[in-house]
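# Examination of the molecular architecture
What follows is each chain in one-letter form.
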Amino acid sequence: MVRSPIGIPGRLSRWLVASAVLVTLLASSSVGHAADATKDKKSFTTGSSDVLIGYVNEQIRQGWTDNEIQPSGVASDEEWIRRVYLDVVGHVPPVDVVEKFLADKDTSKRSKLIEQLLDDPAYVRNWTTIWANLCVGRGNSRRGRRVFYSRRGLEKFFRESFSKNRPWNEVVYDLVSGDGHFEKNGAVNYLLAQLQMPDDAVQATAKTTRLFMGIQVQCTQCHNHPFNDWKQDQFWSFNSFFRQMKKDVTRKYDPKQGRMVDDYLTLVRQDFSGPVFYEERSGVKQVAYPKYFTTKVDPGAEVDRRAELAKLMTTGDQPWIAKAMVNRMWGHFFGYGFTKPVDDMGPHNPASHPDLLDRLTSEFVKSGYDVKQLIRWIANSEAYNLTSRFGTKNEIDNPSAGEVPLFSHLYVKQMQAEQLFDSLIVATEAHKSGRLNWDQAEQKRQQWMRQFVVAFNTDRSEEHTSELQSRRNLVCRLLLEKKKTNKQKNKQTNKQTNKQNIPTHTIHMTLCIT
């Protein structure tokens, strides 16, 4: 049997072929004109009885009414099960699960499947990968340079957090305030990764506010914000919270190499008190003290500034971290959040559905920052269960063209590299062959991801910015251009090996369409 470099059998299962046909149909129908609004005007439900889902549906429908559009129809079970599997657990569904789901006549089967996926071990693995990528990128090396953090340690922290469904505010608190050994306390690797350069914690400031609070204060590092009231001193007030930390590298002698090598890293506290100094564009020197928006913090050396910042970030009725998480999670499932991009909230960038964002934020806080509950609200909503096909009555709902998202149909999303790899493993049942268990698959996965980083020149997992979108579209176009060549090669291989010819659009569509 011919085997691929990543350990997957050369002969794909019938499920992969069936998936290719299904995905091709979905892709072609989502590009052209499709059926307009649902013929069945009855309110759709997944079977969930949560009253908040009804509020979500009402708010989204109001947007359709205000903009005089009609939503697309409800997604077929085949389309929806693939979507929810990729979004929640990070891979396509196994063929036996699909067959069982399609045969099930229970009107609540979608809601029940969501519950099953939230309890699936793959849920933990998927969200561990997502947040590790967001925090430190995909790789643990940067073109041969020394990297002072441990991705493995950070993944352990997220794995334990998601497996226990820890409240999100506690997770953020640990990431912002943690210190200690990089393996014993994996949370410290987030900040260690931001301390790769001696930049007075500028990167840590910009990353923390953007990633966990959904605001981009980095542009105020050098000048006042051009579109709102944020001033330059606000960036440096945030920055002053991170001035009491530094990385400490412990080294040891390696007799094999005959020299000192890095042993382990710790994030430790350093003495720092008083203000930070910054320079205005006019050249005037200014000072900034630790201040969280309007809340001032004692600038004395005895105060743990990061601990104070973490408390301020994670308390209140509608803290920024709660709103940012709701917006980011909505964007994960729909392809677009309530703001574009999801990490740039503020008065200069109003939300598409402000009342819904505020209500979901409040309920998220009331739930105890329950991430699984937030996923339930989103995945059981009517909008998430619509097809990706659009028609003449909602074709203006096109955020990729700069329009405000109205969520009248599901927006086409591209697969992440990890989703592609894990889906190939599931589709080929490689993990059931006896030759590749999940531990070995994880090793293969990391090897493949390192190749991905080199091939696509990125180790980051950022939001869908126009630059990243263009890069991915270029990949898809290149794959299409090679389609004819690949078909010819497949035909030649089949003649030699008498194997089944697999459509070359299988991999292409799996990479480009969800």
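Please read all numbers here as calculations on a predicted model, not as lab measurements.

### Structural notes on the side chain of Q232
Positionally, Q232 belongs in helix α11 (residues 232–239). Of the residues examined, Q232 reaches a relative accessible area of 5% and is grouped as buried. Within the local environment of Q232, its side chain forms a polar contact with the backbone oxygen of E279, the two atoms lying 3.1 Å apart.

### A short note on the environment of P94
Mapped onto the secondary structure, P94 falls in the loop between α3 (77–88) and α4 (95–103). C-alpha separation for the pair P94 and V426, spaced 332 residues apart in sequence, amounts to 6.2 Å. When sequence neighbours within four positions are dropped, the list of residues in contact with P94 reads Y85 and V426.

### Looking at unusual backbone geometry
For the bond from K340 to P341, the omega torsion is -5°, close enough to zero to count as cis. Looking at where P341 falls in the secondary structure, it is placed in the loop between α13 (320–334) and α14 (354–366). One non-glycine residue with positive phi stands out, namely F293, at about 55°. In this fold, F293 is placed in the loop between β6 (291–292) and β7 (295–296). Of the residues examined, F293 reaches a relative accessible area of 25% and is grouped as partly exposed. The phi angle at F407 is positive, at roughly 60°, despite the residue not being glycine. Among the structural elements, F407 can be located in the loop between α15 (371–379) and α16 (417–428).

What counts, and where the lines are drawn
- Residues numbered from 1 in each chain as written.
- Predicted model: local features only at pLDDT ≥ 70, side-chain atom pairs only at ≥ 80, totals over all residues.
- Heavy atoms only, no water.
- Helix = DSSP H or I, 4+ residues; strand = E, 2+ residues; numbered from the N terminus.
- Buried < 20%, exposed > 50% of the residue type's maximum accessible area, 1.4 Å probe, protein only.
- Polar contact = N/O pair within 3.5 Å; in protein donor to acceptor, adjacent residues only side chain to side chain.
- Contact = heavy atoms within 4.5 Å.

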